[in-house]
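Breakdown of the fold
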Amino acid sequence: MSTWSVALRRFPLLSVQTPRLTVRPLCADDDKRVGEIFADKLVRRWLPIAQDDNSEFDGYAWCTELAVERRDSGAGDHYGIVRREDERLVGCLWTKNTDWLTRSTEIAYAVAADARGYGVAPEAVDVLALSLLLEHRFQRIELRVAPGNVASRRVAEKAGFTYEGLMRNAGSLHTGRVDLESWSLVPADISGGA
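Residues numbered from 1 in each chain as written. Predicted model: local features only at pLDDT ≥ 70, side-chain atom pairs only at ≥ 80, totals over all residues. Heavy atoms only, no water.

Digging into unusual backbone geometry
For clarity, the cut-off: Helix and strand assignments come from DSSP, with helices taken as H or I runs of at least 4 residues and strands as E runs of at least 2, each series counted from the N terminus. Three exposure classes are used, based on accessible area relative to the maximum for each residue type with a 1.4 Å probe and protein chains only: buried under 20%, partly exposed in between, and exposed over 50%.
At Asn 97, a position not held by glycine, the phi torsion is positive, near 55 degrees. Looking at the element boundaries, Asn 97 is found in strand E4 (residues 88-99). You will see that Asn 169, though not glycine, has its phi angle at about 55 degrees, which is positive. Note that Asn 169 resides in strand E7 (residues 162-173). Residue classification places Asn 169 among the partly exposed residues on the basis of a relative accessible area of 44%.

This is the structure:
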């Protein structure tokens, strides 16, 4: 595959399910709930958004043009985590930093306050990562966790990711530059090394 054809890759449009959850592309009607999720103080704590930034998160743009732009450029996509029992949007996943030459991408996530503590994030991350690895031939899925974000560390562990080490000064939060823990899932982790 030439470098030119790699640059023209489009992120796969996908929807996957577990017995409890559906992970699907976001749509315009998700905008208000997405705005609520990203307005939550705990979510904002771990994102590069100033804590005192009271501007409203543009859920509509996140669900529509920003998602389409990311998907069409091949950089990633934006997904909703939907609880199947009541069809309520309980979180968001997004893929980013996609490298088509190495077939790797990073998953990030945010879960609504009323859905935390029920295993939503690890279940959604796991099913999305497995779909990307098994159905879309990705070779590496990454999670990056700021030290101190114990909940995200647990998500990585529960979703079967392997801790690789600390990437110094690799990220930013509302407080400034931070180190990031690097976690990964590769096909050998699923097949038992075969």
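With respect to the packing of aromatic side chains
For clarity, the threshold we go by: Any pair of Phe, Tyr and Trp rings, taking the six-membered ring for Trp, is counted once the centres come within 6.5 Å. Such a pair is stacked with planes under 30 degrees apart, edge-to-face with planes over 60 apart, and tilted for the rest. Whether a charge sits over a ring comes down to the Lys NZ or Arg CZ being within 6 Å of the ring centre and within 35 degrees of the ring normal.
This structure, assessed with the given rule, holds nine aromatic pairs. Of the aromatic side chains, those joined through ring pairs into one cluster are Phe 38, Phe 57, Trp 62 and Trp 94. Cation over ring: Arg 103 sits above Phe 138, and NZ or CZ is 5.3 Å from the ring centre.

What to know about the nonpolar core
For clarity, the threshold we go by: Definition used in this section: a nonpolar core is a set of buried Ala, Val, Leu, Ile, Met, Phe, Trp, Tyr and Cys residues joined via side-chain atoms within 4.5 Å. Contact criterion: two residues are considered in contact whenever any of their non-hydrogen atoms come within 4.5 Å of each other.
Ranked by internal contacts, the top residues of the largest apolar core, which has 33 residues, are Leu 93, Ile 107, Val 125, Ile 141, Leu 143 and Phe 161. Of all elements in the fold, only strand E2 (21-25), strand E3 (77-83), E4, strand E5 (104-111), helix H6 (120-134), strand E6 (140-145), helix H7 (150-158) and strand E8 (176-185) reach the threshold of two or more residues within this core. The element best represented in this core is H6, accounting for nine residues. If sequence neighbours within four positions are ignored, Leu 143 has contacts with Ile 107, Tyr 109, Val 125, Ala 156, Phe 161, Glu 181, Ser 182 and Trp 183. Among the nonpolar cores identified, the runner-up in size contains 15 residues, and Leu 26, Leu 47, Val 82 and Ala 108 belong to it.

Section: the state of the cysteines
Two cysteines, two sulfur atoms, one covalent bond between them: this is a disulfide. To keep it simple, the criterion reads: Two cysteine sulfurs form a disulfide in these notes if their separation is within 2.5 Å.
Applying the stated criterion to the full structure yields zero disulfides. Not engaged in a disulfide, the cysteine Cys 27 finds its nearest cysteine sulfur in Cys 63; these two sulfurs lie 7.0 Å apart. Cysteine Cys 92 shares no disulfide, and the gap to the nearest cysteine sulfur, in Cys 63, comes to 6.7 Å.

A few points about the pairing of E4
Quick reminder of the rule: A pair of strands is labelled paired if DSSP reports no fewer than 2 bridges between them.
Pairing of E3 with E4, which is carried by seven bridges, proceeds in the antiparallel orientation. The residue of E4 that forms the bridge with His 78 is Trp 94. Where E3 folds back onto E4 in an antiparallel hairpin, the turn is made up of four residues, including Glu 87, whose phi is positive at roughly 60 degrees. Note: E4 against E5, seven bridges, orientation antiparallel. Residue pairing across strands places Asp 99 opposite Ser 104, the latter belonging to E5.

Everything listed is a geometric property; what it means functionally is a separate question.
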